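Okay, here's what each chain looks like letter by letter:
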Amino acid sequence: MSSALSVVVDDGVAVVTFDLPGEPVNKFSKAVIAEFVAVFDEVERNSSVVGAVLISGKADTFIAGADIDQFLEFTSAADAARESAEGHKLMDRLEHGRVPWVAAIHGACLGGGLEASLACAYRIVGDSPKTVLALPEVQLGLIPGAGGTQRLPRTVGLQAALDMILTGKNVRAKKALQIGLADEMVHPSILRTVAIRRAKDLAQGTIARRRAHKADAKGALLEGNPVGRAVVFRQAREMTLKKSRGHYPALLAALEAVAAGFHGSEAEGFATEARLFGEMAFTPVSRQLIFLFYATTSLKKDTGVSGEAPPPAKIGKLGVLGSGFMGAGIAAISAMQGVPVRFKDTKHAAVAKGLLAVRDVLHDRLRKKQVTRQQFEDQLSLVSGTVDYSGFSNVPLLIEAVFEDLAVKHAVLREAEAVLPPGAIFATNTSTIPIHRVAEASRDRSRVVGMHFFSPVHKMPLLEVIVTPQTAPDVVATTVAFGRRLGKTVIVVNDAPGFYVNRILAPYINEAGKLLDEGAHIEAIDRAMLDYGFPVGPVTLLDEVGLDIAGKSGAIMSAAFGERLQPSATLGQVLATGRLGRKGKKGFYLYDEKGKKGGVDESVYAATPAGSKRIDVSVADIQERLALAMVNEAVRCVEEGILRAPRDGDIGAVFGIGFPPFRGGPLRVVDTVGAAELVRRLEALNAKHPGRFEPAKLLREMAAANKTFYPTTGKPV
Ligand code: NAD
């Protein structure tokens, strides 16, 4: 087997280059760790070596962390804890070896990669947007297991460390330098040279081996004494519980591990980290989050076409029809990726408004220092607008985001086809009109596809690509690849009312409405679903989406699917009183002049069938009805072939709707609960609410055959 590590001695410094063969990124695995041990032995033995540098051979990653496959091999919590303790030993050798180690970090330095860097005597970061440092373990339901919970607080202070450990967020090179996570920042081209120099400086004692954390005055005040630290821990715990609603045990475990390092000896700190790492590796939450990791990884490799896929066309310029809310968002994210965009709207004022909206999105990134002023100017200059079709003759992909009206969509499709080059793709961003209906006006239906972005476009991670039986495979491959280039997680679904995401949202929203029909309290419904793990409650979501939009979409769904997807009486009646939700500053909730949401608008009850006579419905009942309505509908989408794989259904729900990630997704819920048990629970619900909870045929079949959507052993996807 070819090795991952190579060592050359340069001017008395051992330069250890990590370059995992056959992999795009460097990862720690048992085999790699064994190689590290051998390299440490070699460095220790070679008395001519005075210092060492750890550097990556990959273009844009330092070390991406542990190989996740390994986590699936743990046989017990104790076994996982043992692995963590092994990791500690390795890091100890970096920290306490005969020679000082320098981490030369360019690109992603994540998890175990950052933990190894923290054990080094000195860290240099490459001045590049590619350089990001993070401990993302909590995002997998785990805690850092190779000393991160102990060495990070020592290096950057308690508050900065908790901020990183509890969120898993990325820290860029400059910020790393500011908070003391890095000791020096240099241009990537001189990273190696400077690292060698620093290793020698450390060996000769011309620079200090480790800089202790220097907290600023405020930080020091809080962290410098036991009472202050207790306050920091208490506040972090309260905030964590409030944010996570207790669903993510790794957050509390991480806090406990960090606290152990402060309250007890160093050894106790490390032992606590190892024990809790082991425990977390065996939580159901971690299993679901690791599943989502595999699901997204596998989706990234999916061309969107089953079998041999034609190569995607390169999109050198994007056309966008309609410079409204969605059109501007789509234009902005294209410009961010360096793709020139040509806008078309009907009036100059609309074009100007669109350009301004694009500028706002791009400028926000400048304000947050995610781009330089030059990059911002360059991106902005890529977007231009027109009221005719000038500049569209060399556009290979056009995304339509005009009014949600079939006649308007047909008109622009015909106009566009007259000017676009042969073979150009016409993608529609419609949210409710079946793609085959839009395609009816086309002279070549094979070039028509749906690209359903979610709002706000620059924030929402999902893109649904919707294909009709006529859509050509190269059109699918190209739109999928382009969507991914725009930074989206892309699922490909077949054309049907509501596509996938809005289809499963419909029964969920309807069920919330039915509860209101019966007299349930608005805040009880929202709170129950927040407790279930959704980021917003369904009634708040109705206000956000707009009651008019929800009403239209509800009508389309009930026309397509009948009684099962019949909207609630409440929605129609409340809409009839002129309430539109947040955009009209009047909905189920109160809004102030600026549109800021307040409490429930009690006066809305007068417009509901139950009037002011409200009833109490238990949290469990609310959750069961809403969640199972969505789960059952997701199963139907598999059954009807709307989804190409269960994986896409789970990713679509988590990324498109915010289905609680720790539950893995609606189809994972089927596997967790068991198809037979779900059939039983749906039947019980259906007996009480006839017609809405008839178990999907596929669910019954799975129950009878004792089947699951995903493999029960080995890799989850
Ligand atoms: P919008 O009203 O903000 O923008 C529509 C724009 O299209 C307007 O600027 C209008 O002037 C322009 N337009 C109308 N007729 C045109 C024509 N013939 N040629 C060129 N431009 C024309 O609407 P929006 O919210 O951006 O929605 C656009 C599309 O995106 C709709 O199909 C909608 O269903 C879909 N969509 C919207 C959302 C959302 O949350 N708003 C989400 C997903 C999809």
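Before reading further, recall that the structure is shown in the block above.
Everything numeric here is computed off the predicted structure, so don't read it as measured data.

Engineer: Could you give an account of the sheet that holds strand β17 (residues 462–467), naming the residues involved and the relevant values?
Structural biologist: On the basis of which strands lie adjacent, the open sheet formed by eight strands has the order β13-β12-β11-β14-β15-β16-β17-β18 and mixed pairing. Taken across any chain shown, the strands that pair with only one partner, and hence form the sheet edges, are β13 (383–386) and β18 (489–494). Neighbouring strand axes in the sheet, compared pairwise and without regard to direction, differ in orientation by 25° on average. Pairing of strand β15 (residues 425–428) with strand β16 (residues 448–453), which is carried by three bridges, proceeds in the parallel orientation. Among the inter-strand pairings, A427 is bridged to a residue of β16, identified as V449. Sitting on the sheet, helix α25 (residues 646–656) is in contact with β17 and β18, with an inclination near 125° to β18.

Engineer: So, the packing of aromatic side chains: which residues are in play, and what are the values?
Structural biologist: Counted under the stated rule, the structure contains 17 aromatic pairs. Arranged with centres 5.4 Å apart and planes meeting at 80°, the rings of Y248 and F662 form a pair that is edge-to-face. In this pair, Y248 sits in the loop between α9 (226–244) and α10 (249–263) while F662 sits in the loop between α25 and α26 (666–673), placing the two residues 414 residues apart along the sequence. Between the aromatic rings of Y389 and F392, the centroid separation amounts to 5.6 Å while the plane-to-plane angle is 75°, which identifies the pairing as edge-to-face. Each of the two residues, Y389 as well as F392, counts as buried. Here the aromatic cluster, defined as three or more aromatic residues joined through ring pairs, consists of F18, F28, F36, F40 and W101. Between R663 and the ring centre of Y532, over which it is positioned, the NZ or CZ distance is 3.7 Å. The aromatic ring of Y710 is capped on one face by R668, whose charged end is 5.3 Å from the ring centroid.

Engineer: Please provide a residue-by-residue account of the site of the ligand, values included.
Structural biologist: Not every one of the 21 residues close to the ligand is listed here, only the nearest: M326, D345, E404, K409 and S431. Between the ligand and F325, the relevant distance is 2.9 Å, taken from an oxygen atom to a main-chain nitrogen or oxygen of the residue. Within the backbone of M326, one N or O atom sits 2.8 Å away from an oxygen atom of the ligand. Contact with the protein chains removes 77% of the 820 Å² of surface that the ligand exposes when unbound. Secondary-structure elements contributing two or more residues to the shell around the ligand are α13 (325–336), α16 (406–419) and β16. For the shell around the ligand, a count of residues per class yields eight nonpolar, nine polar and four charged.

Criteria and cut-off values
- Each chain has its residues counted from 1, following the order in which its sequence is written.
- Only residues with pLDDT of 70 or above have their local features reported here, since the model is predicted, and side-chain atom pairs are shown and tallied only from 80 upward, although totals for entire chains, interfaces and linings are computed over all residues.
- To get the side-chain values, all heavy atoms of the structure are used, and hydrogens and water are removed first.
- Paired strands, in this sense, are two strands between which DSSP finds at least two bridges.
- Here a strand is any run of E in DSSP of at least two residues, a helix any run of H or I of at least four, and the numbering for each starts at the N terminus.
- Axes, fitted as lines to C-alpha atoms, cover a helix only where it is in contact. Angles between the N-to-C directions of the axes lie from 0 to 180 degrees.
- Here a residue-residue contact requires only that any non-hydrogen atoms of the pair lie within 4.5 Å.
- Between 30 and 60 degrees the pair is tilted, below 30 it is stacked and above 60 it is edge-to-face, where a pair is any two Phe, Tyr or Trp rings, Trp via its six-membered ring, whose centres lie within 6.5 Å.
- For the exposure calls, accessible area comes from a 1.4 Å probe over protein chains only, and a residue counts as buried if that area is under 20% of its type's maximum, exposed if over 50%, partly exposed in between.
- Either the NZ atom of lysine or the CZ atom of arginine qualifies as a charge over a ring when it sits within 6 Å of the ring centre and within 35 degrees of the ring normal.
- For this description, a residue counts as near a given molecule or strand if any of its non-hydrogen atoms is within 4 Å of it.
- Polar contacts, as counted here, are pairs of nitrogen or oxygen atoms within 3.5 Å of one another; within protein the pair requires one atom able to donate a hydrogen and one able to accept it, and residues that are adjacent in sequence qualify only if both atoms are side-chain atoms.
- Surface exposure here means Shrake-Rupley accessible area, sampled with a 1.4 Å probe, where a residue is shielded only by the protein chains that are shown.
- Note on residue categories: nonpolar means Ala, Val, Leu, Ile, Met, Phe, Trp, Tyr, Cys or Pro, charged means Asp, Glu, Lys or Arg, and polar means any other residue, Gly included.

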